[in-house]
Amino acid sequence: MELTPNSFAMSVDAGGILEPWTSKIERRLSDMAGMYADPDAERDAIAAGDAVVYEVYQHDMPNHAGELVVCTTLLYPGKVGDEFFMTKGHYHEIRERAEVYYGLSGEGQLVLAKDDGAAEAIPMRPGTVAYVAPCWAHRTVNTGSEPFVFLAVYHGDAGHDYGTIETEGFPLLVLERDGEVAVVSRQEAQ
Ligand code: S6P
Ligand code: ZN
């Protein structure tokens, strides 16, 4: 496999878009159907316009542990019922692959979970550098009223396992309760 031969610079523009990007992901509510806690609110939100929840601008790299993939995520503000807009969330296919998140604008929570049931949430704002340790699934949630934008850096061979989260979900939900941001266990929310 050919490794990236030369060093180079990237930049993030005022709108949070990484330049130059080589691939873009756009996810709407319908692309993550079944992931929000309130199925009726989710169905209504999809019927009411199926909003774009987030976009990812990525500079792809060779699939090699020695490479680092860089990308920005623009997670839009919104709610499904009382649950804030969020990413699908994933484990890395190679579980031991860590990741770094760097908050650029807006505010949110980084929700983390491990397959032994451990879970936690790290608040993120501009300037926050969050270390996603090996073996932790991760999801971000926009708890503000502006786009929550962050940069991520991860190993070229990490891969993404979405299926485990699609089946099991996260143990923690991020909800608006009495006008406040509340991180609650899924059992407590039901
Ligand atoms: C990649 C990294 C992020 C997410 C992005 C979208 O390892 O964690 O770039 O891909 O925030 O989230 P998701 O869960 O749909 O990939
Ligand atoms: Zn990741």
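Above: the structure in question.
Read on for a plain summary of the structure. (Residues numbered from 1 in each chain as written. Chains lettered and ligands numbered in written order. Predicted model: local features only at pLDDT ≥ 70, side-chain atom pairs only at ≥ 80, totals over all residues. Heavy atoms only, no water.)

Description of the overall build of the protein chain
Right, so step 1: Scanning the protein chain for helices and strands turns up three helices and 17 strands.
Right, so step 2: Compactness check: the protein chain gives a C-alpha radius of gyration of 16 Å against a globular reference of 16 Å for 190 residues, within 12% of the reference.
Right, so step 3: Considered along the principal axes of its C-alpha atoms, the protein chain spans approximately 50 × 40 × 30 Å.
Right, so step 4: Counting all 190 residues of the protein chain, 42% fall into the buried class.
Right, so step 5: Once local pairs closer than 6 in sequence are excluded, the contacts in the protein chain between residues at least 24 apart make up 68%.
Right, so step 6: For the protein chain, the exposed surface amounts to about 9,300 Å²; the carbon and sulfur share of it is 49%. (Helix = DSSP H or I, 4+ residues; strand = E, 2+ residues; numbered from the N terminus. Rg over C-alpha atoms; globule rule 2.2 N^0.38 Å. Buried < 20%, exposed > 50% of the residue type's maximum accessible area, 1.4 Å probe, protein only. Contact = heavy atoms within 4.5 Å. Areas by Shrake-Rupley, 256 points an atom, 1.4 Å probe, with all protein chains shown as cover.)

Re the packing of aromatic side chains
Right, so step 1: Overall, the coordinates contain three aromatic pairs when judged by the stated rule.
Right, so step 2: Each ring, one from Y101 and one from F150, has its centre 4.6 Å from the other, and the planes form 25°; the classification is stacked. Remark: F150 occurs in strand β14 (residues 148-155) and Y101 occurs in strand β9 (residues 99-105); sequence separation between them is 49 residues. F150 shares its class with Y101; the two are buried. (Phe/Tyr/Trp six-rings, centres within 6.5 Å; stacked < 30°, edge-to-face > 60°.)

Description of the coordination of the zinc ion (ligand 2)
Right, so step 1: Here the zinc ion (ligand 2) is held by H90 (NE2), H92 (NE2), E99 (OE) and H138 (NE2), and the distances to it run 2.1 to 2.3 Å.
Right, so step 2: For the zinc ion (ligand 2), the six donor atoms in the first shell make angles of 72 to 174° at the metal, so the coordination geometry reads as octahedral. (Donors = N, O, S within 2.8 Å, 3.2 Å for Na, K, Ca; no water. Tetrahedral: all angles 85-135°; square planar, octahedral: opposite > 155°, others 65-115°.)

Looking at the pattern of salt bridges
Right, so step 1: The full count for this structure, using the stated rule, is eight salt bridges.
Right, so step 2: A salt bridge links D40 to R43; its shortest N-O distance comes to 3.4 Å. A residue pair is termed a helical-turn pair when its members lie 3 or 4 positions apart in one helix, as D40 and R43 do in helix α1 (residues 39-47) at three residues.
Right, so step 3: A network of salt bridges, in which partner residues are shared, links D40, R43 and D44. (Salt bridge = Lys/Arg side-chain N within 4 Å of Asp/Glu carboxyl O.)

Focus on the sheet that holds strand β5 (residues 68-75)
Right, so step 1: Taken together, the six strands give an open sheet; going across it, the order is β3-β4-β5-β14-β9-β12, and neighbouring strands pair in antiparallel fashion. The open sheet terminates on both sides in strands that have one partner only, identified here as β3 (23-28) and β12 (129-132). On average, each strand axis in the sheet is tilted by 20° relative to the strand beside it, whichever way the strands run.
Right, so step 2: Strand direction decides the pairing type here: β3 and strand β4 (residues 52-59), joined by six bridges, are antiparallel. Bridge pairing links E26 to E55 in β4. (Pairing = 2+ DSSP bridges. Axes fitted to C-alpha atoms, helices over the stretch in contact; angles between N-to-C directions.)

Side note on a nonpolar patch on the surface
Right, so step 1: Taken together, the side chains of V100, Y102, V129 and Y131 define a hydrophobic patch exposed on the protein surface, amounting to about 390 Å² of accessible area.
Right, so step 2: Going through the elements one at a time, β9 and β12 are the ones with two or more residues in the nonpolar patch.
Right, so step 3: Residue class for Y102 comes out partly exposed when judged on its relative accessible area of 35%. (Patch = residues over 30% accessible without salt bridge, like charges linked within 9 Å, V, L, I, M, F, W, Y side chains within 5 Å.)

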